[in-house]
Amino acid sequence: MTLIDTRTPNPKSFIAGSTGDWEIVIGMEVHAQVTSESKLFSGSSTAFGNPPNANVSFVDAGMPGMLPTINVECVRQAVRTGLGLKAQINKRSVFDRKNYFYPDQPPGYQISQYKDPIVGEGAVALDVNGENVEIGIERLHLETDAGKLQHDQHPNMSFVDLNRAGVALMEIVSKPDLRSSDEAKAYLAKLRSILRYLGTCDGNMEQGSMRADVNVSVRRPGGEFGTRCEIKNVNSIRFAGQAIEFEARRQIDILEDGGTIDQETRLYDPKAGETRSMRSKEDAQDYRYFPDPDLLPLEFDDAFVAELLAGLPELPDEKAARFISEFGVTPYDAMVLTLDRETADYFESVVAFGGTKRDGKAVANMLNADVAAFANSQGLAIWETHLQPGQIAGIVDLVVAGTISSKGAKDLLQIIITEEPEGEPAEIVERRGMKQMTDMGAIEAIVDEIIAANPDQVAKVLAKPSMIGWFVGQAMKASGGTANPQALNALMKKKLGIE
């Protein structure tokens, strides 16, 4: 593959060294387990958490004479992913044998795709710190996963678990377009979001169903590409960022000391916060690729692709654009609300609850602030909490109607969170006397009493009108937090003669 530089150097992402600035160049190879009940070339289960070697057929174990049979659902999922990445779909692709010998690879080779992948070039759009960035996708190909060695089960033997052997993976290869750890983390998050929207991979990195090989090199800004090191099997977005930052600094220190970078595969140790050498990095020729003689070329037609395209869901970028235009939310709100499909669906359920279309911005404000704070404190997403869309809709309606203030809304939400999880907002407000005071006569009486009791404060406010907030706070306290703050503020200014 010929490397092409598509990015203009951005000083914001440079790393300062003792001899000048450096630029990171990052490429990703993301391995995403295909959502399918069976493996790529056998009928074995893909269920996670089964006992070791429970999901193994003769094909997976590499027994002599066993022939692979393609799983059509995996092909469909790969094409759907390619369409979601706005990528070229290759209607003819070839499976190859990638030869390497390891105990968790029973046949002595991995079935993969080399020169003729199922999906070609595409792109992923990112918003990183307010900057729009497009990251190129080089290819997506289908391949089989390996098993897993367990070294901690016996003092002098290693055990082999082949449950994952033969599981279908999509290897999604980016172009070397990423220039910072922030961009790399945003790319992984966005890619995972797309896969989850499509339903082609669950994106559970902690279970190993999505993991990244991160290729890192450094260079002088805008210069020739440097020698890359591959950080293998990173299973956390946060760890990916940490690994990139450590590896970039390690390479810079070596180069500034007059050394050279060895092309190698490294592992990231999150406890030590460092990368460590694993082995020298292989090139394609080291794997002795050749077409798998047991598998014919994979071919399909335009109708197959068109059917899959017609069935795609609305994806994050399109959904965010619609939220902005249809509901008037900010780009930031739209981004947060569309990070996962369930949150986006929850938002729309609140907006449309009971057949009434609510102010989308008001709903977004509540979800992205107080509701999100509660969800985060529980380690949950908004939609995973006990708060129902109808309850949030009810609180928003009460604020819009002037029945409760924004402060009252916070109090009401807290009551539903901690005391009445199944409570109906309007009924709680009525029963607990939380209605906002709108009787101007009663509000005026409170204002007159506070002004009369605090002549010194009156003098201070007249000298510095911005201090009127003290009076408003006292009046709100006197009303038990039920006075309409807008009406209170306006009346206070009128009484004190402040414009």
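Read on for an overview of the structure.

Cut-offs and rules
Residues numbered from 1 in each chain as written. Predicted model: local features only at pLDDT ≥ 70, side-chain atom pairs only at ≥ 80, totals over all residues. Heavy atoms only, no water. Helix = DSSP H or I, 4+ residues; strand = E, 2+ residues; numbered from the N terminus. Rg over C-alpha atoms; globule rule 2.2 N^0.38 Å. Buried < 20%, exposed > 50% of the residue type's maximum accessible area, 1.4 Å probe, protein only. Contact = heavy atoms within 4.5 Å. Areas by Shrake-Rupley, 256 points an atom, 1.4 Å probe, with all protein chains shown as cover. Lys, Arg positive; Asp, Glu negative; His and termini not counted. Charge placed at Lys NZ, Arg CZ, Asp CG, Glu CD. Pairing = 2+ DSSP bridges. Salt bridge = Lys/Arg side-chain N within 4 Å of Asp/Glu carboxyl O. Patch = residues over 30% accessible without salt bridge, like charges linked within 9 Å, V, L, I, M, F, W, Y side chains within 5 Å. Core = buried A, V, L, I, M, F, W, Y, C linked by side-chain atoms within 4.5 Å. Arc of directions from axis to C-beta.

Concerning the overall build of the protein
From N to C terminus, the protein includes 15 helices and 16 strands. The C-alpha atoms of the protein give a radius of gyration of 29 Å, which is well past the 23 Å a tight globule of 499 residues would have. Along the first, second and third principal axes, the C-alpha atoms of the protein reach 95 × 55 × 55 Å. Split into buried and exposed, the 499 residues of the protein put 48% on the buried side. Relative to all contacts within the protein whose residues are 6 or more apart in sequence, the contacts with residues 24 or more apart total 67%. Just so you have it, the protein exposes about 24000 Å², and 52% of that area is on carbon and sulfur atoms. Of the side chains in the protein, 51 bear a positive and 72 a negative charge, and the two mean positions are spaced by 2 Å.

Observations concerning the sheet that holds strand S4 (residues 96–99)
Reading across the sheet, the 3 strands line up as S5-S4-S15 and stay open at both edges, with antiparallel pairing between neighbours. Looking at the sheet topology across the chains shown, the edges are occupied by strand S5 (109–112) and strand S15 (290–291). By the bridge criterion, 2 bridges tie S4 to S15 in an arrangement that is antiparallel. Across the sheet, the residue bridging to Asp96 is Pro291, located in S15.

Topic: the pattern of salt bridges
Inspection of every chain in the model, using the stated rule, returns 39 salt bridges. Close ionic contact of Arg76 with Glu73 constitutes a salt bridge, the shortest N to O distance being 3.8 Å. One end of the pair, Arg76, and the other, Glu73, are both in helix H1 (residues 72–84), 3 residues apart, so they sit about a helical turn from each other. Residue class for Arg76 comes out partly exposed when judged on its relative accessible area of 24%.

Things to note about a nonpolar patch on the surface
Where nonpolar side chains cluster on the molecular surface, the patch consists of Phe58, Met63 and Met66 and spans about 310 Å² of accessible area. Assignment of secondary structure puts Met66 in the loop between strand S2 (20–33) and H1. Look at Met66 and you get partly exposed, because its relative accessible area is 36%.

Looking at the nonpolar core
Soluble globular proteins tend to bury their nonpolar side chains together. Within the largest apolar cluster, 104 residues are counted, with the highest numbers of intra-cluster contacts made by Ile118, Tyr187 and Phe347. Core analysis: the second largest hydrophobic core is formed by 18 residues, Val447, Phe471, Met476 and Leu496 among them.

Looking at helix H13 (residues 455–463)
Among the residues making up H13, those that are buried are Gln457, Val458 and Val461. Axial view of H13: buried residues confined to an arc of 105 degrees, hence all on one face. Among the exposed residues of H13, those pointing more than 90 degrees away from its buried face are Pro455, Asp456 and Ala463.

Comments concerning the pairing of strand S12 (residues 229–234)
Judged from the 4 bridges that link them, strand S11 (residues 210–219) and S12 form a sheet pairing that is antiparallel. Within S12, the position partnered with Asn215 by the bridge is Glu230. Sheet analysis places S12 next to strand S13 (residues 264–269), joined by 2 bridges and oriented parallel. Bridge pairing links Glu230 to Thr265 in S13.

Concerning the pairing of S11
By the criterion of burial, S11 is predominantly enclosed, with 10 of the 10 residues buried. Burial along S11 is two-sided: the face carrying Met210, Ala212, Val214, Val216 and Val218 and the face carrying Arg211, Asp213, Asn215, Ser217 and Arg219 are both buried. Of the pairings in the sheet, the one linking S2 to S11 comprises 10 bridges and is antiparallel in character. Counted as the bridge partner of Val25 is Ser217 from S11.

A look at the environment of Ile451
Inspection of the secondary structure puts Ile451 in helix H12 (residues 440–453). For Ile451, a relative accessible area of 19% translates into the label buried. Sequence separation between Ile451 and Ala212 is 239 residues; the distance between their C-alpha atoms is 65 Å. With sequence-adjacent residues up to four places away left out, Ile451 is seen in contact with Val458, Phe471, Met492, Lys495 and Leu496.

Some points on the side chain of Gln251
You can see Gln251 is positioned in helix H3 (residues 237–256). Since its relative accessible area comes to 0%, Gln251 is described here as buried. Ignoring sequence-local partners within four residues, the contact set of Gln251 consists of Val216, Ser217, Val218, Thr227, Cys229 and Ile261.

Section: the environment of Phe374
As for its position among the elements, Phe374 is in helix H8 (residues 360–377). Under the relative-accessibility criterion, Phe374 is labelled buried at 14%. Expressed as a C-alpha distance, the spacing of Phe374 and Gln414, which sit 40 residues apart in the sequence, is 9.2 Å. Filtering out sequence-adjacent residues up to four positions away, Phe374 remains in contact with Thr385, His386, Leu387 and Ile417.

Interpretation in functional terms is not warranted from these geometric data alone.
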